[in-house]
Structures are given as C-alpha cells and as structure tokens.
Amino acid sequence: MSDSVPSLYGGPAGSRVRTRHLQLAKERGEKWAMLTSYDQYTAQIFDEAGIAVLLVGDSAANNVFGYESTLPVTVEEMLPLVRAVVGATNRALVVGDLPFGTYEESPEVALRTAVRFMKEARCHAVKLEGFRPAQIKMITGAGIPVMAHLGFTPQSEHQLGGYRVQGRGDDAAATLLRQAREVVEAGAFAVVLEMVPGDVAKQVTAEIGVPTVGIGAGPDTDAQVLVWQDMAGLRPASAGPTPRFVKKYADLHSVLARAAAEFAADVHDGAFPTADHTF
Ligand code: KIV
C-alpha cells in the first residue's frame, strides 16, 4: 500500500474498513475513495491500492454483461460477482448493489433481497437507489448497513428522461436535501449523490451527519466514486462519450488492444510460442 494512503486504511493488517471508520473519517474531514469492481483481480488491485469501499454496482449490467442499461441485471447475475470481490479483498468494505425490481415493491421484499446478498455473497453492506426510507429502515433494522443513492438514479433513467443532472433549482435542491435527511434518519450509513450540482452536493454534505459519496457531484462530497472501467480508460469509444465527471487515470483500452494485436501477429508469424514457452 502506498505511503500516501490516508489513515482511514491504517488499521492492523487484515482488518476491514467498517462503516464506523467512514463516519469517523467524515468527522475528521478525511476524504476517501470508492470504485466499482466486479471480479477478483481488480478487487485485489484496488484493495491493495487503498480504495476504502468497493461497490459491486448494478453497472455490471453495462460493464460486464453488455446490456444497454442497468435494468436487466438480476440477483443471480450479481451474486457471483459480489462473492468474487469479497473473496479477493482484505481491507475494503464491499457493498452489493440491489438490482432493479428486487426491492421497490415493499420493505419485506427489499429485506429478503438484502439478506441474499449478505448470506450468499457475504458482502458487508448493500446499496439501493431512490428515496426509499421504509426499505432502508427495514434492512438496517435487520442489522444490514445500507448505502442510499439519490440524485440521478440510473435504474429510473426512463422516468428521468435520460442521464440528466438532478437537484437543479431551488425546489429540486430542497427536495434532494429533505430526501437525504430522511434516508439518514431511516438508517443509511452513507449517501451516493449522482449528477447533482456541486453547490447542492456541498450543502447536503454539510447538513447530513453521514458521508456523502459523489459521482458528478463536484469536489465537496466526503468521498468520490467512479466506475473502474471509466477511471482506467477501458471503455471503448463505441460506448459513447465519456461523461464529463469522469477523469481517466490510464488508457487500458489501448494497452489491451496493443497486447492482443501483438499476440495475434506473433501467432500468425510463428514468433510465439518459442522454445522458452515449450515443455
Ligand atoms: O452501479 C454503480 O456503478 C453505481 C455507482 C456509479 C454509484 O451505482
């Protein structure tokens, strides 16, 4: 782990980040990072790099399964991914994202889905989208930490009219702030704010008692999250323009494309395998 990794991650070897560590970090004014992860190798790399929280997001729909939105992904598809990420990490708190259609109907249905994530995939918390205080109350009442997700919620993209900034204007900002307060009151340990104006995210962050995790919500949230394929530049140009809020820290797409093309050329030319690779 790098020396520059902040104290949030500095517990004894093998100890997990807990929700209380994230709360203490907020109280100290210490920011932390969250990334999505859907497999063992990225989970291990991000864990060792000091990413405090790994989200096995329903964005697996777009980034693993190739669906056009997050709506089709199922619990059966998500659980093996969550299990792989949990099994590959020692430090990060792993959050499993409840798929569309598996929690909205009632608090009881939400609890049943959350219990499957905790029992069958052994994650440490769950996340759900939208203003759902009753579901959050029921799930946290059973001892399961819940991360809320407000602002732009991709599972509602058809209702919201596409990927659009939410909470803009006085009324929408006041509604967002009220909803954030209520999900915290219901028991959420953190709130994701997606595609929210920076000044609104700053106000929510100042006024609620738990960490906010921004994605397209400016610099003033307590934490930041990105989808790892966006962060590392794996996303192909054919997937459409990279959202403005993404910073690309690498160009994995070019690295992999070059490696695959070199491999194909070597095989074609008979340059691979050589005696070194032969038993
Ligand atoms: O599923 C996901 O990747 C998410 C994050 C972008 C917050 O919900």
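These figures come from a predicted structure and were not determined experimentally.

Undergrad: An account of the site of the ligand is requested, with residue identities and associated values reported.
TA: The immediate surroundings of the ligand are formed by Thr36, Leu55, Gly57, Asp58, Ser59, Asp97, Lys127, His149, Ile215 and Val227. At a separation of 2.5 Å, an oxygen atom of the ligand approaches a polar side-chain atom of Ser59. In this structure, an oxygen atom belonging to the ligand sits 3.2 Å away from a side-chain N or O atom of Asp97. When the ligand sits alone it has 250 Å² of accessible area, and the protein chains cover 95% of it.

Undergrad: Account for the UniProt feature "binding site: 3-methyl-2-oxobutanoate" (unreviewed entry) in the chain, with residues named and values stated.
TA: The residues that UniProt annotates with the feature "binding site: 3-methyl-2-oxobutanoate" (unreviewed entry) are Asp58, Ser59, Asp97 and Lys127. These annotated residues cover 70 residues of sequence, and their C-alpha atoms all fall within 12.3 Å of one another, placing them together at a single site. Narrowing the list just given to those that line the largest pocket leaves Asp58, Ser59, Asp97 and Lys127. Here Asp58 lies in the loop between strand 2 (53-56) and helix 3 (60-63). According to the relative accessible area criterion, Asp58 is buried, its value standing at 4%. When neighbours within four sequence positions are excluded, Asp58 is seen to be in contact with Thr70, Val73, Met78, Asp97, Glu129 and Gln155. Its location among the elements puts Lys127 in strand 4 (residues 125-129). With a relative accessible area of 2%, Lys127 lands in the buried category. Each residue touching Lys127, except ones within four places of it in the same chain, is listed here: Leu55, Val95, Gly96, Asp97, Leu98, Met147, His149 and Val192. Of the polar contacts made by the side chain of Lys127, one reaches the side chain of Asp97; its length is 3.0 Å.

Undergrad: Can you explain the side chain of Thr70? Please cite residues and give values.
TA: Along the chain, Thr70 turns up in the loop between helix 3 and helix 4 (75-87). A residue is classified by how much of its surface remains accessible, and Thr70, at 2% relative accessible area, is buried. Here Thr70 is in contact with Asp58, Ser59, Ala61, Asn62, Pro154 and Gln155, once residues within four sequence places are set aside.

Undergrad: Please provide a residue-by-residue account of the pairing of strand 1 (residues 32-36), values included.
TA: Of all five residues in strand 1, four are buried; the element is thus mostly enclosed. Summarising the sheet, strand 1 and strand 8 (residues 223-226) pair through four bridges and their orientation is parallel. Its bridge partner being in strand 8, Met34 is matched across the sheet by Val225. Bridging between strand 1 and strand 2 involves three bridges; their strand directions are parallel. Within the sheet, the bridge partner assigned to Met34 lies in strand 2 and is Val53. At this point the chain moves from strand 1, through helix 2 (residues 40-48), to the parallel strand 2, and the crossover so formed is right-handed.

Calculation criteria
- Sequence positions are assigned chain by chain, starting from 1 and proceeding in written order.
- Two thresholds apply to this predicted model, a pLDDT of at least 70 for residue-level local features and 80 or more for giving and counting side-chain atom pairs, whereas whole-chain, interface and lining totals are computed over all residues.
- Calculation of side-chain values draws on the structure's entire complement of heavy atoms; hydrogens and water are dropped beforehand.
- We call a residue near a molecule or strand whenever a single non-hydrogen atom of that residue lies within 4 Å of it.
- Definition of a polar contact: a pair of N or O atoms within 3.5 Å, with one able to donate and the other able to accept a hydrogen when the atoms are protein atoms, and with sequence-neighbouring residues admitted only if both atoms are side-chain atoms.
- Accessible surface is estimated by sampling points in the Shrake-Rupley manner with a 1.4 Å probe; for residues, cover comes only from the protein chains shown.
- UniProt positions are given in the numbering used here, feature names are shortened, and annotations may be inferred rather than shown by experiment.
- In this analysis, the protein atoms alone were mapped onto a 1 Å grid. Cavities are point sets where a 1.4 Å probe fits without being able to get out; pockets are open sets with protein on both sides within 12 Å along at least five of seven lines; lining residues have an atom within 4 Å of a point.
- What counts as a helix is a DSSP run of H or I of at least four residues, what counts as a strand is a run of E of at least two, and both are numbered from the N terminus.
- Burial classes: relative accessible area under 20% of the type maximum marks a residue as buried, over 50% as exposed, and values in between as partly exposed (1.4 Å probe, protein chains only).
- The contact definition used throughout considers only heavy atoms, calling two residues in contact when any of these lie within 4.5 Å.
- Strand pairing follows a simple DSSP-based rule, namely that at least 2 bridges must link the two strands.
- Looking down the strands as they point away from you, a crossover is right-handed if its path from the first strand over the helix to the second goes clockwise.

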